[in-house]
Amino acid sequence: MSQFNDRTLTQQVLDSFANTSDPRLKTLISELVISLHEFVRKTNLTFEEWDFAIDFLTRTGQKCTATRQEFILLSDVLGVSILVDAVNHRSRDDATETTVLGPFYVGEHKPMPHGSDIAAGIPGEPMFVNARVTGRGEPLANVPVDVWHADDDGFYDCQRPAYETQGASLRARFITGPDGEFSFRTILPCSYPVPTDGPVGQLFAATNRHAMRPAHVHFLVNAPGFEPLVTHVFVEGDKYLKSDAVFGVKDELVARVKRHDDPIMPDGSSPSGPWHAMSYEFRLRPGTGHAPQPLMAAAME
Ligand code: BEZ
Ligand code: FE
């Protein structure tokens, strides 16, 4: 057996990957080894700590199901998801900022007509959303836009047992009209905690961090000839805007949501109390790319 000290070992492990034919794989695995070894050396990691880490990651995997992705959540709360997003969107020009996809995107949504109520039967203060998609300064027609958000208890439809039988709510696809616009009715989103009943929740508790995300609506805009845009619109004034548990807030994504008291909403309905209006323009960046696929769907295949 070859002799090593804790420094020469790293080179020995790197050498063991010398015959990797895919150059990108070789870079990724080599840099991973270098970073992991550095971590172990810098922290003088104990056997107990390494055992704990392995058990933690094992439990993270075991918590995953077709509708629950604890590894995405771990990546989100460690800031890795938003960092991967940042290094892949270094220059935005005047395009809308991107943010994390999150674990509750379930893939292509069911198309609904403009003005539809995606919150039918769900309690909450009504909100009307009017949005526009542009690229190179021009409105973009015929563009699919997936939207989704949590209910007043902070749950996404796919977290509820009824999802299996009743299907989607607070989630839909809209296709932009000739003016690049689309609109829908929903409820005003509220801030909510990311799931804390698994290993990631244990991490929050052990580090005295809160698990809250500020109120937001998710949007995925995907037009040919443009980079897919994965983003949120956050509600101005939310108390968690400066301490999002997954580091996803960018100033430009915070929108003023206006409260109205007039008796008719833009869709012609008569709400029983105040309602809210959100409007936003999504500016796409010319380019290409694949819209993200939900890991949940991949797990079910
Ligand atoms: C979400 O906004 O849906 C979300 C994002 C990251 C982690 C958990 C939830
Ligand atoms: Fe969300």
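All residue numbers refer to positions counted from 1 along the written sequence of the respective chain. Chain A is the first chain written and ligand 1 is the first ligand written, with later ones labelled in order. Note on the predicted model: pLDDT of at least 70 is required for a residue's local features to be given, and 80 or more for side-chain atom pairs to be given and counted; whole-chain, interface and lining totals, by contrast, use all residues. As a rule here, side-chain values come from all non-hydrogen atoms in the structure, and water together with hydrogens is ignored.

Comments concerning the overall build of the protein
Here comes step 1: Each helix corresponds to a stretch of at least 4 residues labelled H or I by DSSP, and each strand to a stretch of at least 2 residues labelled E; elements are numbered beginning at the N terminus. A tally of regular secondary structure across the protein gives eight helices and 12 strands.
Here comes step 2: Counting only residues that meet the buried cut, the protein has 41% of its 301 residues in that class.
Here comes step 3: When the accessible surface of the protein is split by element, carbon and sulfur atoms take 56% of a total near 16300 Å².
Here comes step 4: Distance from the positive charge centre (27 side chains) to the negative charge centre (39 side chains) of the protein: 3 Å. Accessibility here uses a 1.4 Å probe with only protein chains present; expressed as a share of the type maximum, an area under 20% marks a residue as buried, one over 50% as exposed, and anything in between as partly exposed. Each accessible area is a Shrake-Rupley estimate made with a 1.4 Å probe; only the visible protein chains count as cover when residues are assessed. Counted as positive: Lys and Arg. Counted as negative: Asp and Glu, with His and the chain ends omitted from the count. Here the site of a charge means atom NZ of a Lys, CZ of an Arg, CG of an Asp or CD of a Glu.

A short note on the nonpolar core
Here comes step 1: Counting 31 residues, the largest nonpolar core has Val133, Phe182, Phe219 and Phe282 as the members making the most contacts within it.
Here comes step 2: Taken together, the elements giving at least two residues each to this core come down to β1 (126–135), β3 (144–148), β4 (171–175), β5 (181–187), β8 (216–221), β9 (229–235) and β12 (275–284).
Here comes step 3: In contact with Val133, other than residues within four places in its own chain, are Glu138, Pro139, Leu140, Val143, Val145, Thr176, Gly180, Phe182, Val221, Phe282 and Leu284.
Here comes step 4: Think of a nonpolar core as a cluster: buried Ala, Val, Leu, Ile, Met, Phe, Trp, Tyr and Cys residues, connected wherever their side-chain atoms sit within 4.5 Å. In terms of nonpolar packing, the next biggest core, distinct from the first, is built from 12 residues, Leu73, Val200, Ala211 and Val246 among them. We call two residues in contact when some of their heavy atoms are within 4.5 Å.

Remarks on the site of ligand 1
Here comes step 1: Around ligand 1 sit Leu73, Asp76, Gly102, Pro103, Phe104, Tyr156, Tyr192, Val194, Arg213, His216, His218 and Val246, and that is every residue in its neighbourhood.
Here comes step 2: Between N or O atoms, a polar contact is any pair within 3.5 Å; within protein, one atom must be a potential hydrogen donor and the other a potential acceptor, and residues adjacent in sequence are included only when both atoms are from side chains. A distance of 3.0 Å is found between an oxygen atom of ligand 1 and a side-chain nitrogen or oxygen belonging to His216.
Here comes step 3: The fraction of the free accessible surface of ligand 1 (260 Å²) that becomes covered by protein chains is 100%.
Here comes step 4: Residue assignment for the shell around ligand 1 shows that the elements contributing at least two residues are α4 (70–77) and β8. For this description, a residue counts as near a given molecule or strand if any of its non-hydrogen atoms is within 4 Å of it.

Observations regarding the side chain of His149
Here comes step 1: Tracing the sequence through the fold places His149 in the loop between β3 and α6 (163–166).
Here comes step 2: The exposure class of His149 is buried, given its relative accessible area of 1%.
Here comes step 3: One polar contact links His149 to Thr186, side chain to side chain, over a distance of 2.6 Å.
Here comes step 4: Among residues more than four places away in sequence, those in contact with His149 are Ile118, Tyr156, Leu170, Thr186, Ile187, Pro189, His216 and Val217.

Description of the packing of α4 against helix α7 (residues 199–206)
Here comes step 1: At a minimum axis distance of 9 Å, the contact between α4 and α7 shows a crossing angle of 25 degrees. Classified by the angle their axes make, α4 and α7 are roughly parallel. Touching Glu70, Leu73, Leu74 and Val77 of α4 are Pro199, Val200, Leu203 and Phe204, all from α7.
Here comes step 2: A breakdown of the residues in the contact of α4 with α7 according to their chemical character gives seven nonpolar, no polar and one charged. Note on geometry: axes are C-alpha line fits, over the in-contact stretch for helices, and angles between N-to-C directions span 0 to 180 degrees. Convention used here: angles under 35 degrees read as roughly parallel, angles over 145 as roughly antiparallel, angles from 65 to 115 as roughly perpendicular, and any remaining angle as oblique. Under the scheme applied, nonpolar residues are Ala, Val, Leu, Ile, Met, Phe, Trp, Tyr, Cys and Pro; charged residues are Asp, Glu, Lys and Arg; polar residues are all the others, including Gly.

Things to note about the packing of aromatic side chains
Here comes step 1: Any two of the Phe, Tyr and Trp rings considered here, Trp counted by its six-membered ring, make a pair once their centres fall within 6.5 Å; the pair's planes then place it as stacked at under 30 degrees, edge-to-face at over 60, or tilted in between. One pass over the full model with this rule turns up 10 aromatic pairs.
Here comes step 2: Plain terms: the ring middles of Tyr105 and Trp148 are 4.8 Å apart, the flat faces sit at 40 degrees to each other, and that makes the pair tilted. In this pair, Tyr105 is assigned in the loop between α5 (80–88) and β1 and Trp148 in strand β3, connecting sequence segments 43 residues apart. Here Tyr105 matches Trp148 in class, with each residue buried.

Here's the deal with the coordination of the iron ion (ligand 2)
Here comes step 1: Here the term donor refers to an N, O or S atom within 2.8 Å of the metal (or 3.2 Å for Na, K and Ca), and because water is left out of the atoms, sites may appear incomplete. Coordination of the iron ion (ligand 2) by the protein is provided by Tyr156 (OH), Tyr192 (OH), His216 (NE2) and His218 (NE2), with metal-donor distances spanning 1.8 to 2.1 Å.
Here comes step 2: Around the iron ion (ligand 2), the six donor atoms are arranged such that angles at the metal cover 54 to 169 degrees; this shape is classified as irregular.
Here comes step 3: In the primary structure, the donors to the iron ion (ligand 2) are separated according to the pattern Y-x35-Y-x23-H-x1-H. Here the residue Tyr192 occupies a position in strand β6 (residues 192–193), and His216 occupies one in strand β8, the gap between them amounting to 24 residues. Donor angles set the geometry label: tetrahedral for four donors if every angle is between 85 and 135 degrees, square planar for four and octahedral for six if opposite donors exceed 155 degrees and the others are between 65 and 115, irregular for anything else.

Observations regarding α4
Here comes step 1: The buried fraction of α4 is high, at six of eight residues.
Here comes step 2: Taken as a whole, α4 has its buried residues at Glu70, Ile72, Leu73, Leu74, Asp76 and Val77.
Here comes step 3: Gly79 sits one or two residues past α4 and shows a positive phi near 80 degrees.

As for the state of the cysteines
Here comes step 1: Disulfides are defined as cysteine sulfur pairs within 2.5 Å. Counted under the stated rule, the structure contains zero disulfides.
Here comes step 2: Not engaged in a disulfide, the cysteine Cys64 finds its nearest cysteine sulfur in Cys158; these two sulfurs lie 14 Å apart.
Here comes step 3: The exposure class assigned to Cys158 is buried, which follows from its relative accessible area of 5%.

Looking at the domain arrangement of the protein
Here comes step 1: Assigned domains of the protein: these are domain 1 (9–45) and domain 2 (62–300).
Here comes step 2: Either an automatic procedure or a domain database provided the assignment from which the domain bounds are taken. In this structure, domain 1 and domain 2 have C-alpha centres spaced 37 Å apart.

Thoughts on the environment of Ile82
Here comes step 1: Relative to the helices and strands, Ile82 resides in helix α5.
Here comes step 2: It is 16 Å that separates the C-alpha atoms of Ile82 and Gln69, two residues lying 13 residues apart in sequence.
Here comes step 3: Those residues within four positions of Ile82 in sequence are excluded, and the remaining contacts are Thr99, Val100, Val246, Phe247, Gly248 and Lys250.

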